[in-house]
Structure formats: structure tokens, C-alpha cells
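# Close look at the chain arrangement
Spelled out from the first residue to the last, the chains are:
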Amino acid sequence: MVEIPSKVKGAHFNLYKLEQQLEPMGYMIGGNWDYDHGYFDYKMDAENKGYHFLRIPFKAIDGQLDSRNCTVECGNPFILSHIYQIGLDDHAYTSNFTASFDQFSEPVDKDGMVPDEYVVAGKALVQELELNLLPD
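Residues numbered from 1 in each chain as written. Predicted model: local features only at pLDDT ≥ 70, side-chain atom pairs only at ≥ 80, totals over all residues. Heavy atoms only, no water.

An unreviewed UniProt entry lists the protein chain under the name YugN-like family protein, with Cytobacillus gottheilii as the source organism.

## Considerations on the overall build of the protein chain
Within the protein chain one finds 3 helices and 8 strands. Secondary structure elements in the protein chain, listed N-terminal to C-terminal, are β-β-α-β-β-β-β-β-α-β-α. Counting all 136 residues of the protein chain, 35% fall into the buried class. About 8800 Å² of surface is accessible on the protein chain, with carbon and sulfur atoms providing 51% of the total. (Helix = DSSP H or I, 4+ residues; strand = E, 2+ residues; numbered from the N terminus. Buried < 20%, exposed > 50% of the residue type's maximum accessible area, 1.4 Å probe, protein only. Areas by Shrake-Rupley, 256 points an atom, 1.4 Å probe, with all protein chains shown as cover.)

## Quick notes on the packing of helix α1 (residues 15-22) against helix α3 (residues 116-133)
Where α1 contacts α3, the two axes come as close as 11 Å, and the packing angle between them is 125°. Regarding the angle of α1 to α3, the classification is oblique. Here α1 and α3 pass one another in a crossing that is right-handed. Contacts between α1 and α3 involve L18, Q21 and L22 on the former and, on the latter, L129, N132 and L133. For the contact of α1 with α3, the class distribution of residues is 4 nonpolar, 2 polar and no charged. (Axes fitted to C-alpha atoms, helices over the stretch in contact; angles between N-to-C directions. Parallel < 35°, antiparallel > 145°, perpendicular 65-115°, else oblique. Left-handed = near helix turned anticlockwise from the far one by under 90°. Contact = heavy atoms within 4.5 Å. Nonpolar A, V, L, I, M, F, W, Y, C, P; charged D, E, K, R; others polar.)

## Regarding the packing of aromatic side chains
To describe a pair of aromatic rings, one takes the distance between the centres and the angle between the planes. Taken as a whole, this structure holds 4 aromatic pairs when the rule is applied. Each ring, one from Y39 and one from F78, has its centre 6.3 Å from the other, and the planes form 85°; the classification is edge-to-face. Residue Y39 is located in strand β4 (residues 37-47), and its partner F78 is located in strand β7 (residues 78-84); the two are separated by 39 residues in the primary sequence. The class of F78 is buried, set by a relative accessible area of 11%. Between F40 and F58 the ring centres are 5.1 Å apart and the planes differ by 45°, which places this aromatic pair in the tilted class. Placement of F40 in strand β4 and of F58 in strand β5 (residues 50-62) is noted, with a sequence separation of 18 residues between them. Of the two residues, F40 and F58, both sit in the buried class. Seen from the ring of Y39, R55 lies directly overhead, with NZ or CZ sitting 4.5 Å from the centre. (Phe/Tyr/Trp six-rings, centres within 6.5 Å; stacked < 30°, edge-to-face > 60°. Lys NZ or Arg CZ within 6 Å of the ring centre and 35° of its normal.)

What follows is the structure, given as C-alpha cells:
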């Protein structure tokens, strides 16, 4: 994980309006949100053995994330690399029940090293984010 300092850290937004601004730019709310916090993810790349995301964390400061009038505060953006195994997971145990939920190999590294090219690209994405979200 590599943090990228940004002026969006600490900025407050209406979550619904923020989502409307970020979706056309390629950001999506990540699947691991809760009622009080979550992440906007920008998929930078998906290699044959991993993927890299620019992630914008946010937390609810007024309301819950599932309400239309929720206000959120953004955290510091960071790049997340996830490297996974190619092939079968020799240590996996599956039954008919668990196979429907756990179909994938365990990651080799949930927080892999971020190559320099993604740090450069992440900084450019953060600059674009600041230009689109923050007043002059």
C-alpha cells in the first residue's frame, strides 16, 4: 500500500453527489463498505496475476451511507496492490456448501509491493480528482 497525500483528505461531501461526480471518472464504491465507512475504487490495472486500485476512503459524519443525505469525509487516497496465486490452492478445503462462497485461491500477498509506474499513475489520478472535486 502506498499513500498519496491529497487535498481531498478531510474534505466533506454529500455522498450521493460525490458518487455522481466520481462514477463518470471511473470510480466505483467498493464492495467492502459498512454503514459508517467505505471506499471509492479506481481500477488502475488487472495483470494476469494481480490488480492495482487507487482507493479513496471515506467515513460518514452525518447520517448512514445507505441514506441519500449522508455527508462523508474523505481520507487520504492510497494505492492497493493485490497479488494472487495462479492455479489451485493446495490448502483449500471446500464442501458443496462452501464452494458457492469461496471459489478463489488465497492471495499470495493481500498488500503487494506497488510498482513505481502505478505510483506515478496514482499521483496523476489524485491530481485529476482534486481538480474535479475541490474549488479553487
